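A look at the structure
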Amino acid sequence: MSKKITPDDIEDARRLQSKHFVFDCHSDIPLLDIYPRRLRGETQVMRRIQLPRHKEGVVNGAIFTVHCDCMRWATQYAGALKEILEEIDYVYEEEKESGGEFVIARSGSDLENAWKGGRFSALMGLEGAKAIEGSLEALHCLYRLGVRSFGITHNVRNQLADGAGVRQNYGLTDLGKRVVEEVKNLNMVLDLVHLSEKGFYDAIDAYDGTPIISHTGCRDLNPFDHGKVPWRNVTDKQIEKLGEKGGVMGIAFLKAFVTDNDESTVEDIIRHLEHSIKLIGIDSVGIGPDYIDYGLPENQLLLGEKDPLGTELDTEGVENITKIPYFTAALMKHGYSEAEISRILGGNFLRLFKKVLG
């Protein structure tokens, strides 16, 4: 157990982060904040709300997921592509309204250049392939619109695969395998998150590239075998398979990922981080907190969620993106060097994105 983190420790962590690229590998801001706010007539959501929060957390970039395999689209296909196109359009509107402070990136170099220029940048990532409606041509169009990361499903079953919440666990369909091959042909990043275990192995074998798992925990430490999305964490064997491919795994911060206890702390997150490092090395880990604090109950209800998620999933000390320095301070307390922390906070993902996307 590390020593208590003080305000001075937080300031030291902020200074460290200010010198390095810090990246959140999974942000649902497009669906859970931008989309519902703009439906209600709001504008400049990034400039007014999200950019100040990321600046306070000294975070430089994120994967902004656009998706429709959850909430009211979980059991239907009609309207999936329309939903994704609306989310993407709103993200572009936010870029236009940001006064140059927010940039949509299409490559690792774009992320790096935005960071060096003092701007926040986001790669758009598809989370759940219902949106392509079984069409490779639709996938091509999403790529042309700037989508660069591809997640096959979001816990449920779609035309491509079974998700982590599907008990039958049939893996990838023939169409799913063809789509994964096309993801590689487009030089997109394959995100193996949310897949059933068999689907994971089908996908990683079909993808002749360097994949990621954007946000997860270690099943051998905490099974995540309860609630609406059981079997969500990945096994040691899956982590090792990712390492063999040179991939990077983002450690999630929400309580359900890291512990079965009533409360969670930053020590639980670091336990998962260090377990992963032992399996695949410090060059293969990053952070994918999976924050949903901005997914206000009224936002979730508007999107069709009957039982909105709330603060019950928060981990003490790192409840939202503004608290990333608390996590960094904890790493410093654990004896990680500045170079190691830099890799964990974003350097490893940036290296992978530059390799795959340019």
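Refer to the structure presented above.
For the protein, the count of helices and strands is 14 helices and nine strands. Computed over its C-alpha atoms, the radius of gyration of the protein comes to 19 Å, within 12% of the 21 Å expected for a compact globule of 358 residues. Taken along the three principal axes of its C-alpha coordinates, the protein extends 55 × 45 × 40 Å. When the 358 residues of the protein are sorted by exposure, 60% land in the buried category. If you take every contact in the protein between residues at least 6 apart in sequence, the share linking residues at least 24 apart comes to 73%. As presented, the protein carries roughly 13800 Å² of accessible surface, and 49% of it is formed by carbon and sulfur atoms.

Moving on to helix H13 (residues 324-333). In terms of burial, H13 is a largely internal element, seven of the ten residues being buried. Listed as buried for H13 are Ile324, Pro325, Phe327, Thr328, Ala329, Ala330 and Leu331. On its buried side, H13 packs onto helix H1 (7-17), helix H3 (45-56), helix H11 (266-280), strand E9 (285-287) and helix H14 (338-357). Where H13 ends, the next residue or the one after it, Gly335, has phi of about 90°, a positive value.

The subject of this paragraph is the pairing of strand E3 (residues 102-105). Burial along E3 is two-sided: Phe102 and Ile104 and Val103 and Ala105, pointing in opposite directions, are all buried. This β-α-β element, E3 to helix H5 (residues 108-116) to strand E4 (residues 120-127), shows right-handed connectivity.

Helix-helix packing is described using two parameters, namely the angle between the two axes and the distance between the axes. Interhelical geometry of helix H2 (residues 29-39) versus H3 gives an angle of 150° and a closest axis separation of 11 Å. Judged by the inter-axis angle, H2 sits roughly antiparallel to H3. Our pair here, H2 against H3, has a crossing hand that is right-handed. Every residue of H3 that contacts H2 at Ile29, Asp33, Ile34, Arg37 and Arg38 is listed here: Val45, Met46, Ile49, Gln50 and His54. In terms of residue class, the contact of H2 with H3 is built from five nonpolar, two polar and three charged.

Attention now moves to the side chain of Asp290. Here Asp290 is to be found in the loop between E9 and helix H12 (297-302). We note that Asp290 is buried and unpaired, the nearest opposite charge coming from Arg232 at a distance of 5.0 Å.

For Val58, which is not a glycine, the phi torsion comes out positive at approximately 55°. Here Val58 lies in the loop between H3 and strand E2 (61-67). By relative accessible area, Val58 is classed as buried at 14%.

Here we come to the pattern of salt bridges. Applying the stated criterion across every chain yields a total of 20 salt bridges. In this structure, the salt-bridge partner of Asp9 is Lys333, at a minimum N-O distance of 3.2 Å. Linking Asp9 in helix H1 with Lys333 in helix H13, this pair joins segments that are 324 residues apart in sequence. Taking relative accessible area as the criterion, Asp9 reaches 16% and is therefore assigned buried. Relative accessible area serves as the criterion here: at 32%, Lys333 is assigned to the partly exposed category. The residue Glu42 makes a salt bridge to Arg48 at a minimum N-O spacing of 2.8 Å. Overall, Glu42 belongs to the partly exposed group, its relative accessible area being 22%. Bridged by salt links that share partners, the residues Asp33, Arg37, Glu42 and Arg48 form one connected network.

In this section: H3. Residues three or four positions apart in an α-helix share a direction because the helix packs 3.6 residues into each turn. The end-to-end C-alpha distance of H3, which contains twelve residues, comes to 16 Å, matching closely the 16 Å that a straight helix rising 1.5 Å per residue would cover. Those residues of H3 not exposed but buried are Val45, Met46, Gln50, Leu51, Arg53 and His54. The arc that holds the buried residues of H3, viewed along the axis, is 155°, so those residues lie on one side. Those residues of H3 hidden inside the fold are in contact with H2, E2, helix H4 (80-97), E3 and E4. Count one or two residues on from H3 and you reach Val58, which has phi positive near 55°.

Rules and cut-offs
Residues numbered from 1 in each chain as written. Predicted model: local features only at pLDDT ≥ 70, side-chain atom pairs only at ≥ 80, totals over all residues. Heavy atoms only, no water. Helix = DSSP H or I, 4+ residues; strand = E, 2+ residues; numbered from the N terminus. Rg over C-alpha atoms; globule rule 2.2 N^0.38 Å. Buried < 20%, exposed > 50% of the residue type's maximum accessible area, 1.4 Å probe, protein only. Contact = heavy atoms within 4.5 Å. Areas by Shrake-Rupley, 256 points an atom, 1.4 Å probe, with all protein chains shown as cover. Right-handed = clockwise from strand over helix to strand, strands pointing away. Axes fitted to C-alpha atoms, helices over the stretch in contact; angles between N-to-C directions. Parallel < 35°, antiparallel > 145°, perpendicular 65-115°, else oblique. Left-handed = near helix turned anticlockwise from the far one by under 90°. Nonpolar A, V, L, I, M, F, W, Y, C, P; charged D, E, K, R; others polar. Lys, Arg positive; Asp, Glu negative; His and termini not counted. Salt bridge = Lys/Arg side-chain N within 4 Å of Asp/Glu carboxyl O. Expected span 1.5 Å × (residues − 1). Arc of directions from axis to C-beta.

What is shown is where atoms sit, not what they do.
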